[in-house]
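Read off the chains here:
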Amino acid sequence: MWLPVIGFIIGIVLGFSTDWRIPAEYANYLSIAILAAFDTLIGGIRAHLQNVYDENVFFTGFFFNIILAASLAFLGVYLGVDLYLAAVFAFGVRLFQNIAVIRRIWLAKWMEKREKS
Amino acid sequence: MVRKKLVHFTVIMAIIGFMLAIQVQTTKQPAVRDTRDIWQLRQDLKKEQQLEQQLLLEIRRNDEKIQNYLQNPAGNQAATLQETVEELRKEAGLTETTGPGVVLTIEPFYPEDYVGPITYTISPELLKRLINELNMYGAKEIAVADERLANTTAIREVNGVTKIGKKSISSLPIQVKVISDDVTTLYNHLKVSTIYDDFVTENLQITVSEPMPAVSIPKYNGQWRVRYMQTVKAEKEEK
């Protein structure tokens, strides 16, 4: 259970210690990518709780979503349409839905536990 | 199976953390670095020291004035105040001033085979440029065509004629009188200035006189409107 948290912390420490900075024009793409990554992660947790987790779906979803979101934002810049908003909207809605599902599952588990005891 | 899943999540979390850290680092304002080298530092230090000295001098002068005012009997207090008023009037340009300076003459300048319109005025942009240049070289008081330049004097074009304050320049040549504390430097700076070329492009020629020991500049003949000052009413105990 604690392994992912440790991984997260390791990632942050690594990121800060490398002192990398991407050009300001690309900050938009990275933020979209982070959003996509979060979406995949939360989706993965939900799938895990619903026992439909599949590692291939998870990994391909992770990278594919990131690349798709970033290229959508890229296309939007060249078309003059704020296409990244589409990605933000899609990922945002899915994030909320998945979190809601996770909450319900946890709540159900907790209620079950309480009734038992 | 569960273990494998945990490893997957850990990897994904690490990637997310890494991206997040980089994003935060990017959006964070880049730290402003001091890139001055030793000479620039020294120069800046010197500038600040000079400023300090100037401020101290001013404080001392004002302190002296206050001391004068406090120590002297009532009659002299009025004299001290009067002196301050005179000083301020002088600073505001309300008195005629004489001092060492130079006289610049602006006259038309046309090539021999010139055909075309002849102007009898000097464009406000050029005049502003000249005045900026003069101020840059340490001019203390400036008068253009016997019109004293005060802080609020406007140089603008009205119906094709340049106006300085209330005076319009409708004929050339005109004289620009400049008073400075350090005339030689001003003169030398003017000698190598590129302002001549700027004047020539407008078919004008500017000649600078040798430094003169006494140049007289008339007083500012406009009205100073006091808008942000009020007379202090005497306190009640003094009545």
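Residues numbered from 1 in each chain as written. Chains lettered and ligands numbered in written order. Predicted model: local features only at pLDDT ≥ 70, side-chain atom pairs only at ≥ 80, totals over all residues.

## Here's the deal with the overall build of chain A
Here comes step 1: Within chain A, the regular secondary structure consists of four helices and zero strands.
Here comes step 2: Overall, chain A shows an N-to-C arrangement of helices and strands of α-α-α-α. (Helix = DSSP H or I, 4+ residues; strand = E, 2+ residues; numbered from the N terminus.)

## Notes on the interface of chain A and chain B
Here comes step 1: On the side of chain B, 21 residues touch chain A, which itself brings 29 residues to the contact.
Here comes step 2: For the side of chain A that touches chain B, the secondary-structure elements that each account for two or more residues are α1 (2-18), α2 (27-49) and α3 (55-79) of chain A.
Here comes step 3: A total of 11 residues in the side of chain A that touches chain B trace back to one element, the largest contributor, which is α1(A).
Here comes step 4: A per-class count over the side of chain A that touches chain B returns 21 nonpolar, six polar and two charged. (Contact = placed C-beta atoms within 7 Å. Nonpolar A, V, L, I, M, F, W, Y, C, P; charged D, E, K, R; others polar.)

## Examining the confidence of the model for chain B
Here comes step 1: Of the residues in chain B, 96% have a pLDDT of 70 or more, and the chain-wide mean is 83.
Here comes step 2: Two numbers describe this predicted complex: its pTM, 0.49, and its ipTM, 0.84. (pLDDT = per-residue confidence, 0-100.)

## What to know about helix α2 (residues 38-71) of chain B
Here comes step 1: Look at α2(B): 49 Å from first C-alpha to last across 34 residues, which is about the 50 Å you get at 1.5 Å a residue.
Here comes step 2: For α2(B), a buried count of zero out of 34 residues is recorded, marking the element as mostly open to its surroundings. (Expected span 1.5 Å × (residues − 1). Buried ≥ 20, exposed ≤ 12 C-beta atoms within 10 Å, placed from the backbone.)

## Examining the sheet that holds strand β4 (residues 155-158) of chain B
All names here are of chain B.
Here comes step 1: The strand order across the open sheet built from three strands is β4-β5-β6, with neighbouring strands paired in antiparallel fashion. Each of the sheet's edge strands pairs with one partner strand only, and the pair in question is β4 and β6 (167-169). Averaged over all neighbouring strand pairs, the angle between strand axes comes to 35 degrees, with direction disregarded.
Here comes step 2: Both β4 and strand β5 (residues 161-164) contribute to a ladder of four bridges, which runs antiparallel. Looking at β5, one finds that isoleucine 155 is bridged to isoleucine 164.
Here comes step 3: Docked against the sheet, helix α4 (residues 124-136) engages β4 and β5, running at close to 170 degrees with respect to β4. (Pairing = 2+ DSSP bridges. Axes fitted to C-alpha atoms, helices over the stretch in contact; angles between N-to-C directions.)

## Description of the nonpolar core
Looking at soluble globular proteins, one finds that nonpolar side chains tend to be buried together.
Here comes step 1: In terms of nonpolar packing, the biggest core is built from 28 residues, with A:Ile32, A:Ala33, A:Ala36, A:Ala37, A:Ala69, B:Ile16 and B:Met19 touching the most fellow members.
Here comes step 2: Sequence-distant contacts of B:Met19, that is, excluding residues within four places in its chain, are made with A:Leu30, A:Ala33, A:Ile34 and A:Ala37.
Here comes step 3: By size, the runner-up hydrophobic cluster in this structure holds 26 residues, among which are B:Ala139, B:Ile142, B:Ile155 and B:Val176. (Core = buried A, V, L, I, M, F, W, Y, C linked by C-beta atoms within 7 Å.)

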